[in-house]
Each structure stands twice: as C-alpha cells, then as structure tokens.
Amino acid sequence: MIDSVEVKLRLDDTQNQKKIILKADHIKKYFPVKSGILSREVKYVKAVDDISLEIFEGETFSLVGESGSGKSTLGRALLRIQEPDEGTISFDGKDITAMNRQQMKDVRKDMQVIYQDPFGSLNPRMKVIDLIAEPLDINNLYRGKERVERVIELMELVGLDPSRRNRYSHEFSGGQRQRIGIARAIALNPKFILADEAVSALDVSVQAQVVNLMKDLQKELGLTYLFIAHGLNIVRYISDRVGVMYLGKLVEVGNVEDIYSRPAHPYTNALIQTNPNPNPRSRREKLILKGEIPSPSNPPSGCRFHTRCPIASDKCKEVSPELREILPGRLVACHYPLI
Amino acid sequence: MSELTQEGVAKLPIQERGFINFFRKLAKNKIAFISFVFLLLVHLGVFLGQFVWTISPESVDPANSLASWTSEHPLGTDDLGRDVLARLMYGGQITLLVGFFSMVFTVLVGGIIGAVAGFFGGWIDIILMRFTEAMMSIPNFFLALVALTVLGKSPFMVILVIAFTSWMEIARVVYGETLKWKESEFVEASKTMGSNAMRTLFKHIVPQIIPTIIIASTLGIAWAILTESAISYLGLGIQPPTATWGNMLQNAQQYIWTAPILGVLPGLSITLVVLAYNFLGDGLRDLLDPKHHKK
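Cut-offs used in this document
Residues numbered from 1 in each chain as written. Chains lettered and ligands numbered in written order. Predicted model: local features only at pLDDT ≥ 70, side-chain atom pairs only at ≥ 80, totals over all residues. Heavy atoms only, no water. Helix = DSSP H or I, 4+ residues; strand = E, 2+ residues; numbered from the N terminus. Buried < 20%, exposed > 50% of the residue type's maximum accessible area, 1.4 Å probe, protein only. Contact = heavy atoms within 4.5 Å. Areas by Shrake-Rupley, 256 points an atom, 1.4 Å probe, with all protein chains shown as cover. Polar contact = N/O pair within 3.5 Å; in protein donor to acceptor, adjacent residues only side chain to side chain. Buried area = accessible area lost by both parts, 1.4 Å probe. Salt bridge = Lys/Arg side-chain N within 4 Å of Asp/Glu carboxyl O. Nonpolar A, V, L, I, M, F, W, Y, C, P; charged D, E, K, R; others polar. Pairing = 2+ DSSP bridges. Axes fitted to C-alpha atoms, helices over the stretch in contact; angles between N-to-C directions. Core = buried A, V, L, I, M, F, W, Y, C linked by side-chain atoms within 4.5 Å. Patch = residues over 30% accessible without salt bridge, like charges linked within 9 Å, V, L, I, M, F, W, Y side chains within 5 Å. Phe/Tyr/Trp six-rings, centres within 6.5 Å; stacked < 30°, edge-to-face > 60°. Lys NZ or Arg CZ within 6 Å of the ring centre and 35° of its normal. Disulfide = S-S within 2.5 Å.

Draft legend 1. Here's a closer look at the overall build of chain A. On a plain count of helices and strands, chain A comes out with 12 helices and 12 strands. Across the 339 residues of chain A, 50% fall into the buried class. Once local pairs closer than 6 in sequence are excluded, the contacts in chain A between residues at least 24 apart make up 64%. For chain A, the exposed surface amounts to about 16400 Å²; the carbon and sulfur share of it is 50%.

And the structure:
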C-alpha cells in the first residue's frame, strides 16, 4: 500500500521534472563548399551530423566543445534560425520542422535568443526602449503607455536604470548591453532561451554577474536555457545537464556534476583536464590533446575522435560509435567509455 | 551611489545630441564649415533676395544694354538690358532647385534599387545590379542630351533626366552597405523575432545607411548643378527667357570680349557652389563615416 503510493509519487515527480520542451531527432546541417573552379564535386562541411537530443522544461542544458564543433550551428538549427537539412524538431509538444513563417512567428514568441556579441546584436541607431520593445512591436503587443511601462518593468528586472531608456546602446558598457539583450529576450515571457555564447564576450567579473542574472530570471520566470559556451567553469556553474560536441557529433550527454567528476568519453576527459583549475594545489595529470581539430569537411572515418584519442583501437577507425545510454541519463558515443 | 550602475561604471555625462552637437563637430572642420555658411548665405540670397531686390529678371531695357555696375544695376545689365543681379537670383533658384530635386530623385531611385538588390539577393540582385552596371557603361551625359532632345526641355524633364542618368553610383554604394548590414547580428535577431522583410529593411538596415546617403546626396547636388549647367550651356536645358546659371553662361559667350563679367558671374556662382557642396560632402564624410580614410 505504502509502496504503491511512494511509487506513484515518484512517478509523478519524475514526470513533472522531466517534461520535454524541445526534442530533436536526427538533425543534420551540412554546408556545401566548392572544392575548385573546375571541379563539379561538391563537398560538405558536416557542421551538425545526425544529432538527437532532448531538453527538459526548466533546466539549463549546455553545449560545449571546441570552436568548429558545430555547437552554435546546432543551437541555431534547433530554433530554425538556420534551417536543418534533415531531422525533426518538436517544441512544446508541437512539430515545428515544417511550420510556415506565420506559424513560426507564433512559436518564436516562446523561443528567444541572447546573442554573443553585445555590440553587434543591438542596432546602434535605436534607443534602448525600442531595442527592448522590439519583440513587442513585431507582435503588435503593448502599445503607447503600456509599452513604456513594460520596458521599465523589464529594465528593472534585468538591473538596468529605467531612466536611461531613451539612450542609445553605445552609451552602455558591455555587461549592460548584454542586459539589454536579455531584457529583449524575456520581453514576451518566453519558455525557452537560446544563449549563444551569451557571456563569452564579457570580462570575467561581468560574466558572473550576467550569469547570476540569468539564473535568477530562470527561477523567477521558469525559463529553459540552451546555453552554448566554451568556458567550462561557467558551464559547470550554470548548467543542469551538458552535451559535449566534437566535429558535428554529440559525444556525451549527462548531468553536469557527473560529467565533470567522471567523464566517460576520452574527449570530455581531455577537455575537462585541460580546463585551468583555479585551485593551485590540485595536481592532476594533464592529458593534452594532440593536434588540431580535424576539418569538418573531411572528418576522420569511424569515430571522429580516433585521430586524437589516446585509447583508440582499430575498431574506432572503422565503426562510428552510436550515442548510447551507459547509466541512467548518461549517454556516451564511445566504444570504450571510461566508466 | 545611485550614480553607479551594476558594472561599477559611472554614468556617462549626458551627451549632447542632435543638431547643436553636430554643428559643433562640423565647425572643427574649417573648410566644411565655411562651405556650409557660404551655401547658407547663397541659398538665403537666391531665394529671399527677390523680396529685397524687386526688379524683374525679365524686364527688358534695350537702351541700357551691357551697362556697367551702377547703383541702379549693381551688377550691370546683359545684352537685352536685363538686370544681372535679378537674373543671378532667379537663375540661381532654378539651378539650385533643379540640383536639389535631381538629387532627391537620384537618391530615391539609387537607394531603392541598391537596397532592394542587396537585401533580397538572388535573381532580384542579379537583374538590378546588372542593369545598374549597364547604365554605368553608357556615357550618361550624352544619354541626357538625347533624352532631353526627345522628351522636351521643361525644368521637370531636366530633373528627371539628370536623376535617371546619375543614380547608379548611389545604387552601388547603398547595395554594398546593405550587403554588409544584412549580415549583422541585430538583423538576424530581428528576423528571429519574426520581423518581416520590410520592417527589417527600414528599421534596421536603412538607418545604418543614412549617413552614407547624406554624404552621397551632398556630392550629388554638386553633380546635378554641374550637369544642369552643362546641359543649359549647350542650349538643351531650361530655355530662355527663364534664367538659369547655365543658360546665362551660354548667353554670355557672345560677349566674352566686350562684357566678360557677364560670363564670369554665373560661372563663378556655379563653381563656388559646386566647390562648397563638395567640401561640405567631404566634411560630412569625415564626420559621419569615421572608418573612411582619406587617401
């Protein structure tokens, strides 16, 4: 009797926690490159190569990886900012893959973006009030006095002085501009925000403030973040779950602490070990990756990491490992996972 | 403490914006500022002078032709005894108005073609820009002469013909700028938020190009005045008795030995105004486009 109640409670609990807000199946995004003037053969940069993932409501899911790993492209493909070549995406229970412009416009109210460059992402010839109100204006929500009130409310929410709403963005510092970008992103009360390297361009001290702001807003507004970054410390701080990307493939997915404390993929291991540790007394054996990330237009056969992997075998050169669940909630694409 | 913001950066002093600040900056560039003041005076004189100097530019007085400078005719009279000062003022009105409206049409046509080609890309881009290049390869002064011969010589026709033979340069500049800004992150952000093409183009791209357009328009006026003068000088522009600086020049050439001042005055007016517009354009470029490096 008691057991069954407990089981039921637990089921409810997990169901509540694990509502999928964004689900991607077999997403591919290839960019054609012409190899020469006379050559007709078209090569492709496989920026995102057959990736499936699920993001749960209310969590922060981070994508990490070196430059060129395709993490930004994946993020943009998931929001159909760049159309994926193959695969399906469902958002909030609806398949958005084939939606037309008008339908997407409605869906986009719930999925917003915070951009990397606090300078480039704000129109230099618009006042802060118009920058923040842009999503409202596009969707014809809030007019006149209500619009001003909403902008003031948003500016207060992100820690900006509302009396400066008639200034231009160049009068603000990098961190403040990023706050303007955040205010713009939350203006429509979205469910989901893609933060594409949202703090990478900022000073470290300002990064922390902006990340804290993002965390506060998440609690307050029930946001889900897809956080794309290469700073591993900030990822550890903000994320619930992490996906590690290498050359267009997702190589490992799991809870952030599990991955940081016990990486299962040799690449994740290398990535975490090369991350500078603020504690000077910690002595770890450093595993330095050999060579550069290979060109995504001509990726290695089999497991894409085998050219740089310390434990690669012949099998790795031939057979591409599938992403499989080795522990509950822990997915790894490796023939010889470290755990 | 309230003066400090989240990042610990003190608030910037309230920046002066708008025209006062703009002229303060312009005043630092002496040549541009002198040109600006000169143009202001010329325009005031040309358009308001008629209320002070009320002699009609077309009242003929053959007994008093080619008169020298007197208090009655401060700049003398021409071959038909018409007052040169009055003709310079009325001629200036036509010349400057033709210059201005030619520029307006030039900027409209060139700006729209360049922005649309750059923004929409694809086959629209190909058609519009190839057309622009084709137009550039035609010697446009001769095209203007042919067009005026065929279409007639009213001031409105002159404006249209000047505009339709000189919009290509602006189209190319606006095209390049549009391509550049189209890739900017805030344009992508706006599209992601669901903004439609027209809104993105006019809210986000066109405002970035306006400084370039202002510079191009200033230089465009100079070019249009010069073209109008050249066309009128050849007798294919606005016809006498309506005075323009160009046809005054044409009229004066028969008396180049007997009364050279008749040619010098409109010629000098054209030269100085065109020069001033060019200097002003260069000054504005330094002011509005800091990335442009002087050669």
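Draft legend 2. Examining the side chain of A:Q112 more closely. With respect to the helices, strands and loops of the structure, A:Q112 is situated in strand β6 (residues 111-114). Overall, A:Q112 belongs to the buried group, its relative accessible area being 4%. Polar contacts involving the side chain of A:Q112 include one to the main-chain carbonyl oxygen of A:R108, which spans 2.9 Å. With residues near it in sequence (within four places) discarded, A:Q112 still touches A:L79, A:R184, A:A185, A:L188, A:P190, A:F192, A:I193, A:L194 and B:M193.

Draft legend 3. Highlighting the interface of chain A and chain B. Counting from both sides, the interface comprises 38 residues of chain A and, opposite them, 26 residues of chain B. Overall, the association of chain A and chain B removes approximately 2700 Å² of surface from exposure, summing both partners, and the carbon and sulfur fraction of that is 50%. Three residues, A:Y115, A:R125 and A:I138, lead the burial of chain A against chain B; their summed loss comes to 19% of the area buried on that side. Remark: the boundary between chain A and chain B carries 2 salt bridges. B:R199 is the partner of A:E134 in a salt bridge, and the nearest nitrogen-oxygen pair spans 2.9 Å. Summed over the shared surface of chain A and chain B, the result is 11 residue pairs in polar contact (both at pLDDT 80 or more). The set of elements that each furnish at least two residues to the side of chain A that touches chain B consists of α3 (101-108), β6, α5 (134-138), α7 (174-186) and α8 (204-221) of chain A. Of the residues assigned to the side of chain A that touches chain B, the class counts are 11 nonpolar, 13 polar and 14 charged.

Draft legend 4. Just the pairing of strand β7 (residues 192-196) of chain A, in detail. Residue and element names in this part refer to chain A. Of all 5 residues in β7, 5 are buried; the element is thus mostly enclosed. Neither face of β7 is open: one carries F192, L194 and D196, the other I193 and A195, and all of them are buried. Of the pairings in the sheet, the one linking β6 to β7 comprises 4 bridges and is parallel in character. Counted as the bridge partner of V113 is L194 from β7.

Draft legend 5. A look at the sheet that holds strand β8 (residues 224-228) of chain A. All names here are of chain A. Read from one edge of the open sheet, 8 strands run β6-β7-β8-β3-β9-β10-β12-β11, paired in mixed fashion. Each edge of the open sheet is held by one strand with a lone partner, namely β6 and β11 (324-327). Direction aside, the axes of adjacent strands within the sheet are offset by 25 degrees on average. Here β7 runs beside β8; their pairing, made up of 5 bridges, is parallel. Counted as the bridge partner of D196 is I228 from β8. Across the sheet, helix α11 (residues 266-274) touches β3 (60-64), β9 (241-246) and β10 (249-255), and the angle it forms with β9 is around 105 degrees.

Draft legend 6. Molecular detail of the nonpolar core. Core analysis: the biggest nonpolar cluster contains 59 residues, and A:M214 and A:F227 have the highest contact counts within it. Broken down by element, the residue count for this core peaks at 6 residues, all from α8(A). Sequence-distant contacts of A:M214, that is, excluding residues within four places in its chain, are made with A:I114, A:I182, A:A195, A:Y225, A:F227 and A:I238. Counting 40 residues, the second largest nonpolar core, distinct from the first, contains B:I209, B:L265, B:A276 and B:Y277.

Draft legend 7. The arrangement of the environment of A:D216 in detail. Mapped onto the elements of the fold, A:D216 is located in helix α8. When the C-alpha atoms of A:D216 and A:I114 are compared, they prove to be 16 Å apart, with 102 residues separating the residues in sequence.

Draft legend 8. Representation of the pairing of β11(A) in the model. Residue and element names in this part refer to chain A. Alignment of β11 against strand β12 (residues 330-332), held across 3 bridges, turns out to be antiparallel. In the sheet register, E325 faces β12, and the bridge partner there is L331. Joining the antiparallel neighbours β11 and β12 is a turn of 2 residues, in which G329 adopts a positive phi near 75 degrees.

Draft legend 9. Structural detail: a nonpolar patch on the surface. Residue and element names in this part refer to chain B. A cluster of nonpolar side chains, namely I31, I261, V264, L268, L272, L275 and F279, defines an oily patch on the protein surface of about 560 Å² accessible area. Counting residues per element, the nonpolar patch draws most heavily on helix α11 (residues 261-288), at 6 residues. With respect to the helices, strands and loops of the structure, I31 is situated in helix α2 (residues 30-52).

Draft legend 10. View of the environment of A:V211. Residue and element names in this part refer to chain A. For V211, the position within the fold is in helix α8. Using a relative accessible area of 0% as the deciding quantity, one classes V211 as buried. In sequence terms V211 and I238 are 27 residues apart; their C-alpha atoms lie 7.1 Å from each other. Once you skip the residues sitting within four places of it in the chain, V211 turns out to touch V199, I234, Y237 and I238.

Draft legend 11. Spotlight on the packing of aromatic side chains. Residue and element names in this part refer to chain A. Tallied over the entire structure, the rule returns 10 aromatic pairs over all chains. Their ring planes at 45 degrees and their centres at 6.1 Å tell us that Y30 and Y44 sit as a pair that is tilted. Highlighted residues: Y30 in strand β1 (residues 20-34) and Y44 in strand β2 (residues 42-56), separated in sequence by 14 residues. The partly exposed category is assigned to Y30, whose relative accessible area is 21%. A cation over an aromatic ring shows up here: R164 above the ring of F172, its NZ or CZ 4.2 Å from the ring centre. Sitting above the plane of the Y237 ring, K215 keeps its charged end 4.1 Å from the centroid.

Draft legend 12. Spotlight on the state of the cysteines. All names here are of chain A. If you walk through the whole model with that rule in mind, you get 0 disulfides over all chains. Note on C303: no disulfide assigned, nearest cysteine sulfur contributed by C316 at a separation of 5.8 Å. Accessibility expressed as a relative area gives 11% for C303, which makes it buried. With no disulfide partner, C334 has as its closest neighbouring cysteine sulfur the one in C309, 6.1 Å distant. The exposure class of C334 is buried, given its relative accessible area of 7%.

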